[in-house]
Structures are given as C-alpha cells and as structure tokens.
Amino acid sequence: MIGQDFEKIQWHFAGLELLEPNAMLGDIVLFAVAMYMAAFCSKIKNNFFGNWRNFYFIFGWSFLFGGFGHLFYNYLGLWGKYPSWILGMLATYFLTRAMIDLWENESKKKLFALLSKWLLAIGILSEIVVFIGIDLSEDQSKGLFVPTLISGIGLIFALVYLGVTYQRKIDSGFKFFWIAALTLLPNAFIQSQKINLAPWFDRNDFSHVLLLISLLLYFKGLRSVRQPIYSQK
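Notes on the structure follow.

Definitions and cut-offs
Residues numbered from 1 in each chain as written. Predicted model: local features only at pLDDT ≥ 70, side-chain atom pairs only at ≥ 80, totals over all residues. Heavy atoms only, no water. Helix = DSSP H or I, 4+ residues; strand = E, 2+ residues; numbered from the N terminus. Contact = heavy atoms within 4.5 Å. Phe/Tyr/Trp six-rings, centres within 6.5 Å; stacked < 30°, edge-to-face > 60°. Buried < 20%, exposed > 50% of the residue type's maximum accessible area, 1.4 Å probe, protein only. Salt bridge = Lys/Arg side-chain N within 4 Å of Asp/Glu carboxyl O. Axes fitted to C-alpha atoms, helices over the stretch in contact; angles between N-to-C directions. Parallel < 35°, antiparallel > 145°, perpendicular 65-115°, else oblique. Left-handed = near helix turned anticlockwise from the far one by under 90°. Patch = residues over 30% accessible without salt bridge, like charges linked within 9 Å, V, L, I, M, F, W, Y side chains within 5 Å. Areas by Shrake-Rupley, 256 points an atom, 1.4 Å probe, with all protein chains shown as cover. Expected span 1.5 Å × (residues − 1). Bend = angle between axes of the 7 residues up to and from the residue.

Remarks on the side chain of Asn-51
Topologically, Asn-51 is positioned in helix H2 (residues 47-71). Apart from residues no more than four positions distant in its own chain, Asn-51 is found in contact with Phe-94, Arg-97 and Ala-98.

As structure tokens, then:
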C-alpha cells in the first residue's frame, strides 16, 4: 500500500489492548544489536570508541522506548513517542563527537564540537516547541520533522564529510561510514511516500531493516580501521 497506511495491528494480551507488535519486535532487535556493539566499544578506552559506545547505548534505548510507545499507544498516547524522538538526536550527537575526535587540527576540532552541541540544543528546544505548540494527534510526522532534520545534518557531516576525509587520510575502513549514510537515504522516501509492503511489514519495519544495516556497517567500519586508533587516549 503506497500513499496511506494499513490499519494498525491490534494485539490483545493479558487484558491489554496493544498496538503494532511488529514494530516492537523490530525495536527489540535494534536494541539488542546496539547493546552488543556498545559492549564491544566499551572495551576500548579512548574518546573515539567511548563516544561510539554512548551512541550505540542511547540509540538502542531510543528504539526500545519507541517500541513501547507503539505498543502502549492506547495508554500513553503521544507521550510515549517523545522520549525516543529526543534520544535519537542525542545519539546522533555522540556519533558526531566520535568522528570529530579524530580531526587533527585542534582549533577546528573545538569548533566542530561546539557546533555539534549547538545543533543538539537547537534540536531539543525546537522539538519542545513542537510538543507544546502543535497538535500532533492528527499527524505525528510533524513531530518527527525536527529529529529527522537535526539527525540528518549531523549524520551527513559525520558520516559523509568526515568519513570521506578520514578514508583518504587515515584508513580505507572509513568508507563503511559514508556507505551507511547512503543506506539510510531511502528512509526519507519510504516514510514520506508511506510505502507499506504488508500489514506486518509496514514503512516503519522497512526503516528498521535499513537502520539495522547501517548499524552493521558502522560496526564493520569500527572493526576495519587501523590499529593505531585503538591505542589513542
């Protein structure tokens, strides 16, 4: 179904009227994979991997909260969606800081870090304004606009610009980061055009698959970069 959504799947369990168990399943998979990768990054004691650990950890929880927001929508309403939208921007911030940490020029590194903080602050404040000032009950996509825009800016800078730069200057393994960014590009089209393959595999499930591929590509990049990065302080 293209241009409109299937009716949300209902699941009656333990006296509860739950929605979209398929979305919850995809979010649990993303959470589990992200936690595994966060554990890998936590073993390497430097700022680069520390920020990647933070990214994976917050990314995982953002999608677990998102899954509960879908599942318990009849009880939580839009309030169940807000935590995942905010955490998504925070996760992108840590990914960006991880990539900035490898920049050689200290003055530019500080500038990039400052700009990434401002981007996060603007995103969170703008989203709060959306929560307060816009009725999202009829069109939740309006609530996703700010997180999508802020995360998009951060990912393009960190994965594409810095990824390509580091591929040339540091290690060929950084190519997996900009490839991951390209993998995520169809998400915007899938969501905006409401491309739903089946009731049990709608546009959100489609996006989950692309996000899972991107997580694996990030991990491939982290495992591929040369050894000196592992020994940095």
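The structure having been displayed, the exposition proceeds.
Here we look at the packing of aromatic side chains
A complete count under the given rule lists 27 aromatic pairs for this structure. Ring geometry for Phe-68 against Phe-72: centres 6.0 Å apart, planes inclined by 25°, an arrangement best described as stacked. Judged by its relative accessible area of 35%, Phe-68 falls in the partly exposed class. Residue class for Phe-72 comes out partly exposed when judged on its relative accessible area of 24%. Centre to centre, the rings of Phe-112 and Phe-157 are 5.1 Å apart; their planes meet at 70°, and the pair counts as edge-to-face.

A look at the environment of His-70
Its location among the elements puts His-70 in helix H2. Once the C-alpha coordinates of His-70 and Ala-23 are considered, the two residues, 47 residues apart in sequence, prove to be 6.9 Å apart. Residues in contact with His-70, not counting those within four places in the same chain, are Leu-19, Glu-20, Ala-23, Asp-27, Lys-81 and Asn-204.

Some details on the pattern of salt bridges
Going through the model one piece at a time under the given rule, you end up with one salt bridge. The salt bridge involving Glu-106 is made with Lys-109; its shortest N-O contact spans 3.4 Å. Taken together, the positions of Glu-106 and Lys-109, both in helix H5 (residues 106-133) and three residues apart, correspond to about one turn of that helix.

Here's the deal with the packing of H2 against helix H4 (residues 82-100)
Following both chains from N to C, one finds H2 and H4 inclined at 165°, their axes separated by 8 Å at the closest point. Considering the angle they form, H2 stands roughly antiparallel to H4. In this structure, the crossing between H2 and H4 has a hand that is left-handed. In this structure, H2 contributes Phe-48, Asn-51, Trp-52, Asn-54, Phe-55, Ile-58, Phe-59, Trp-61, Ser-62, Phe-65 and Gly-66 to the contact, and H4 contributes Ser-84, Leu-87, Gly-88, Leu-90, Ala-91, Thr-92, Phe-94, Leu-95, Arg-97, Ala-98 and Met-99.

As for a nonpolar patch on the surface
Nonpolar side chains collect at one region of the surface, where Leu-16, Tyr-75 and Leu-76 lie side by side and expose about 270 Å² of accessible area between them. With respect to the secondary-structure elements, Tyr-75 resides in helix H3 (residues 73-76). A residue is classified by how much of its surface remains accessible, and Tyr-75, at 45% relative accessible area, is partly exposed.

Brief notes about helix H6 (residues 141-169)
Between its terminal C-alpha atoms H6 stretches 39 Å, which fits the 42 Å expected from 29 residues at 1.5 Å a residue. Taking the largest bend as the criterion, H6 deviates by roughly 35°, centred on Gly-163.

Thoughts on the packing of helix H1 (residues 21-42) against H2
Two elements in contact, H1 and H2, have axes separated by 8 Å at closest approach and are oriented at 165°. By the angle between their directions, the pair H1 and H2 is classed as roughly antiparallel. Considering how the two elements wind past one another, H1 and H2 form a crossing that is left-handed.

Quick word on the side chain of Ser-151
For Ser-151, the location among the structural elements is in helix H6. The buried category is assigned to Ser-151, whose relative accessible area is 13%. Among residues more than four places away in sequence, those in contact with Ser-151 are Gly-88, Met-89 and Thr-92.

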